[in-house]
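Listed below, chain by chain, are the residues.
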Amino acid sequence: MTGKDIRYWREKILETGIYLLDKGLVTGTWGNISVRISENLFAITPSGRNYRTIQPDDIVIVNASGETVEGHLSPSSELPLHLAVYAARPDIGGIVHTHSVFASACAVSRRAIPPIIEDLVQLAGGEISVAPYALPGTQQLADNAVHALASKFAVLLANHGVVACGKTLNEAMTAAELVEKAAQIFSWAQLLGGAVPLSEEDVAGMHSFYLEHYRQRQGG
Ligand SMILES: [Zn+2]
């Protein structure tokens, strides 16, 4: 691990934060982003800071126990959530947590997003479940999210928002966009008579194809 790697990921997180603001997936200082730099080193956005004004050095570097290794600000209050996902899922390398509107509409209705649209199904691996409610920043919320996430790549947090994950930070960002799009499609489809879910077999087939072939072509 070199200082250069840390600098790269700090800048990459800032880029991702600005992208999320531009896309309208987060508002103000809400939402948070993290990346797994190595087995015991993670970079995460600081608590309560705007992505448009923070600098690379404001991104906090922590270890798997949540202790700050480098950085002068407090890490996001959702650090326990990020660390719990990384601990449970070695295949996850990046996490984007948003409060995007349509996904949050599903989260407050406590309605899972069924496997209805191909792009999200391919990446996320099926229905986007709703983790039972717990107060933000708590270990209970982290535990609930990990349990509901299971082996998929996105989960809704009841009355709160979305946790989107990826093998890489880029993939996590794509997952955040796809969850929001699917939530919007689901909401509209309900008005048109109801969304029709894909079969379990088709969902499993598309997700395996994505993991084995498409993800490689995307360069991770
Ligand atoms: Zn949140």
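Please read these numbers as outputs of a predicted model, since none were measured by experiment. (Residues numbered from 1 in each chain as written. Predicted model: local features only at pLDDT ≥ 70, side-chain atom pairs only at ≥ 80, totals over all residues. Heavy atoms only, no water.)

A.B. asks: I'd love a proper account of the environment of Leu157, names of residues and values included.
C.D. replies: By the secondary structure assignment, Leu157 is in strand β7 (residues 154-157). C-alpha of Leu157 to C-alpha of Tyr133: the two residues are 24 residues apart in sequence and 6.7 Å apart in space. Not counting residues within four places of it along the chain, the set of residues in contact with Leu157 comprises Leu81, His97, Ala107, Val130, Ala131, Leu141, Ala145 and Val163. (Helix = DSSP H or I, 4+ residues; strand = E, 2+ residues; numbered from the N terminus. Contact = heavy atoms within 4.5 Å.)

A.B. asks: Can you break down the pattern of salt bridges residue by residue, with the values?
C.D. replies: A full pass over the atoms with the stated rule returns 10 salt bridges. Here Glu70 makes a salt bridge to Arg10, at a shortest N to O gap of 3.1 Å. Within this pair, whereas Glu70 is found in strand β4 (residues 68-70), its partner Arg10 is found in helix α1 (residues 3-22), the two being separated by 60 residues in sequence. We note a salt bridge from Arg89 to Asp91, for which the minimum N-O separation is 2.9 Å. A relative accessible area of 36% means that Asp91 is categorised as partly exposed. One network of salt bridges, with partners in common, ties together Arg7, Arg10, Glu11, Asp57 and Glu70. (Salt bridge = Lys/Arg side-chain N within 4 Å of Asp/Glu carboxyl O. Buried < 20%, exposed > 50% of the residue type's maximum accessible area, 1.4 Å probe, protein only.)

A.B. asks: Before we move on, can you summarise the packing of α1 against helix α6 (residues 169-191) with the specific residues and values?
C.D. replies: At a minimum axis separation of 11 Å, α1 and α6 run at an interaxial angle of 15°. Between α1 and α6, the crossing angle belongs to the class labelled roughly parallel. Every pair of crossing elements has a handedness; the one defined by α1 and α6 is right-handed. In this structure, α1 uses Trp9, Lys12, Ile13, Thr16, Tyr19 and Leu20 to contact α6, whose residues at the interface are Leu169, Asn170, Met173 and Glu177. Of the residues assigned to the contact of α1 with α6, the class counts are six nonpolar, two polar and two charged. (Axes fitted to C-alpha atoms, helices over the stretch in contact; angles between N-to-C directions. Parallel < 35°, antiparallel > 145°, perpendicular 65-115°, else oblique. Left-handed = near helix turned anticlockwise from the far one by under 90°. Nonpolar A, V, L, I, M, F, W, Y, C, P; charged D, E, K, R; others polar.)

A.B. asks: Which residues make up the UniProt feature "domain: Class II aldolase/adducin N-terminal" (unreviewed entry) in the chain, and what values go with them?
C.D. replies: Annotation from UniProt places "domain: Class II aldolase/adducin N-terminal" (unreviewed entry) at residues 11-187. Each end of residues 11-187 is marked by a C-alpha atom, and these two atoms are 35 Å apart; helix forms 38% of the span and strand 19%. (UniProt positions renumbered as here; feature names shortened; annotations may be inferred.)

A.B. asks: How would you summarise the nonpolar core if you had to cite specific residues and measurements?
C.D. replies: Membership of the largest hydrophobic core comes to 66 residues, with the highest contact counts inside it found for Ile92, Ile113, Leu156, Cys165 and Val179. If one sorts the elements of this core by residue count, α6 sits on top with 10 residues. Discounting chain neighbours no more than four positions away, the residues touching Cys165 are Val85, Ile92, Gly94, Ile95, Leu123, Leu149, Phe153, Glu171, Ala172 and Ala175. (Core = buried A, V, L, I, M, F, W, Y, C linked by side-chain atoms within 4.5 Å.)

A.B. asks: Quick one: what's the story with unusual backbone geometry, residue by residue and with numbers?
C.D. replies: The backbone of Arg110 sits at a positive phi, close to 55°, despite the residue not being glycine. When you line up the elements, Arg110 lands in the loop between α3 (101-109) and α4 (118-124). Overall, Arg110 belongs to the partly exposed group, its relative accessible area being 48%. The phi dihedral of Asn159 is positive, around 55°, even though this residue is not glycine. Among the structural elements, Asn159 can be located in the loop between β7 and β8 (161-166). The class of Asn159 is partly exposed, set by a relative accessible area of 38%.

A.B. asks: Could you give an account of the pairing of β7, with specific residues and numbers?
C.D. replies: Of the two faces of β7, the one holding Ala154 and Leu156 and the one holding Val155 and Leu157 are both buried throughout. Examined bridge by bridge, strand β6 (residues 130-131) and β7 share two bridges and lie parallel to one another. The residue bridging Val130 from the neighbouring strand is Leu156, located in β7. Since β6 and β7 lie parallel, the crossover through helix α5 (residues 139-149) that links them has a hand, and here it is right-handed. Relative to β8, β7 is paired through four bridges, and the arrangement is antiparallel. For Val155, the partnering residue across the bridge sits in β8 and is Val163. Where β7 folds back onto β8 in an antiparallel hairpin, the turn is made up of three residues, including Asn159, whose phi is positive at roughly 55°. (Pairing = 2+ DSSP bridges. Right-handed = clockwise from strand over helix to strand, strands pointing away.)

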